[in-house]
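What follows is each chain in one-letter form.
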Amino acid sequence: MNIIRHPRAPTLTIERWFNTSQPITLESLRGKVVVMESFQMLCPGCVSHGLPQVSRVYATFPPDKVAVIGLHTVFEHHEVMTAQALETFLSEYRIPFPVGVDMPSPDNDVPQTMLSYAMRGTPTLTLIDQQGYLRQQYFGQVDDLALGAEIGALLNESLSVSEDASMASGCSDGQCAL
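Treat the numbers as computed from the prediction; the structure is a model and nothing was measured.

Points about unusual backbone geometry
Phase 1: Here the residue pair Thr 122 and Pro 123 is connected by a cis peptide bond, since its omega of -5° sits within 30 degrees of zero.
Phase 2: A positive phi angle is found at Ala 118, which is not glycine, with a value near 55°.
Phase 3: Assignment of secondary structure puts Ala 118 in the loop between helix H3 (112-116) and strand S5 (124-128).
Phase 4: The exposed category is assigned to Ala 118, whose relative accessible area is 56%.

Below you can see the structure in the form of structure tokens.
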């Protein structure tokens with residue numbers, strides 16, 4: 001059996017959170033598949049495709065299995081992308097999931113989380129598995145059916161691991177032998 005090693009997802013460097021009472025960390029989401037949509041308010045692809053798609057993911061998958069988060073990552077038009085404008089945008093577009101504002105970089109226009117994930121622009125959709133490993137990253141539009149299948153496969157991985165553990169411990173068909 002070939003084992004594929006995936007990199008651990010980099011830490012999120014967030015300036016401020018919206019739509020959540022507590023700051024979110026990837027560690028706090030362990031055990032869930034994380035679907036992260038990186039966007040800008042003034043990005044046409046983000047508004048027409050990326051955000052509506054992850055809103056559908058948020059509405060479709062159970063929150064105890066799949067966590068959807070947004071990352072507002074501003075690398076242009078800084079003067080108009082304020083926290084107040086984002087708060088209004090999230091309300092107007094009825095974005096229900098938590099959204100973090102990517103921390104600006106002291107050295108350039110590209111924010112810190114965007115840099116650590118080596119994103120090329122927005123929209124960028126990132127999938128992180130239940131153990132916190134970076135599994136997939138897409139720049140641009142992603143097909144709904146393909147995304148749903150990938151999320152399902154990542155959810156199924158934990159079932160396979162727990163089934164393997166049950167078989168190894170002498171458990172099968174809901175029963176465990178001594």
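Digging into the nonpolar core
Phase 1: With 29 residues, the main nonpolar core has Val 35, Phe 39, Val 57, Val 66, Leu 86, Leu 90 and Ile 151 as its most contacted residues.
Phase 2: Within the residue set of this core, elements represented by two or more residues are strand S2 (33-39), helix H1 (44-60), strand S3 (66-72), helix H2 (83-92), strand S4 (99-102), S5 and helix H4 (144-168).
Phase 3: Grouped together as the second largest cluster of nonpolar side chains are 17 residues, Leu 12, Trp 17, Leu 26 and Leu 29 included.

Quick look at the pairing of S2
Phase 1: Summarising burial for S2: seven of the seven residues are buried, a large majority.
Phase 2: Where burial is concerned, the two faces of S2 agree: the one with Val 33, Val 35, Glu 37 and Phe 39 and the one with Val 34, Met 36 and Ser 38 are both buried.
Phase 3: Note: S2 against S3, seven bridges, orientation parallel. Opposite Glu 37, over in S3, you have Gly 70 as the bridge partner.
Phase 4: Between the parallel elements S2 and S3, the chain passes through H1 in a crossover that is right-handed.
Phase 5: In this structure, S2 lies alongside S5, joined through five bridges in antiparallel fashion. Looking at the pairing, Met 36 lines up with Thr 126 of S5.

Here's the deal with the sheet that holds S2
Phase 1: Overall, mixed pairing links the six strands, which are arranged S1-S4-S3-S2-S5-S6 in an open sheet. The open sheet terminates on both sides in strands that have one partner only, identified here as strand S1 (14-18) and strand S6 (134-139). Averaged over all pairs of adjacent strands, the angle between their axes in this sheet comes to 20°, without regard to strand direction.
Phase 2: Its contacts with the sheet place H1 against S2, S3 and S5, and it is angled at close to 160° to S2.

Quick look at the packing of aromatic side chains
Phase 1: Going through the model one piece at a time under the given rule, you end up with three aromatic pairs.
Phase 2: Ring centres of Tyr 58 and Phe 97 lie 6.0 Å apart, and the angle between their planes is 55°; on these two criteria the pair is classed as tilted. A residue pair is termed long-range when its members are at least 10 positions apart, and Tyr 58 in helix H1 and Phe 97 in the loop between H2 and S4 qualify at 39 residues.
Phase 3: Note on Phe 97: relative accessible area 0%, which makes it buried.
Phase 4: A centroid spacing of 4.5 Å and a plane angle of 35° characterise the contact between Phe 89 and Tyr 93, whose relative ring orientation is tilted.
Phase 5: Judged by relative accessible area, Phe 89 falls into the buried class, the value being 9%.
Phase 6: By relative accessible area, which is 47% here, Tyr 93 ends up partly exposed.
Phase 7: Ring-pair connections join several aromatic residues into one group, and the members of that group are Phe 39, Phe 89 and Tyr 93.
Phase 8: Above the plane of the ring of Tyr 133 lies Arg 8, whose end atom (NZ or CZ) is 4.1 Å from the centre.

Definitions and limits used
Residues numbered from 1 in each chain as written. Predicted model: local features only at pLDDT ≥ 70, side-chain atom pairs only at ≥ 80, totals over all residues. Heavy atoms only, no water. Helix = DSSP H or I, 4+ residues; strand = E, 2+ residues; numbered from the N terminus. Buried < 20%, exposed > 50% of the residue type's maximum accessible area, 1.4 Å probe, protein only. Core = buried A, V, L, I, M, F, W, Y, C linked by side-chain atoms within 4.5 Å. Pairing = 2+ DSSP bridges. Right-handed = clockwise from strand over helix to strand, strands pointing away. Axes fitted to C-alpha atoms, helices over the stretch in contact; angles between N-to-C directions. Contact = heavy atoms within 4.5 Å. Phe/Tyr/Trp six-rings, centres within 6.5 Å; stacked < 30°, edge-to-face > 60°. Lys NZ or Arg CZ within 6 Å of the ring centre and 35° of its normal.

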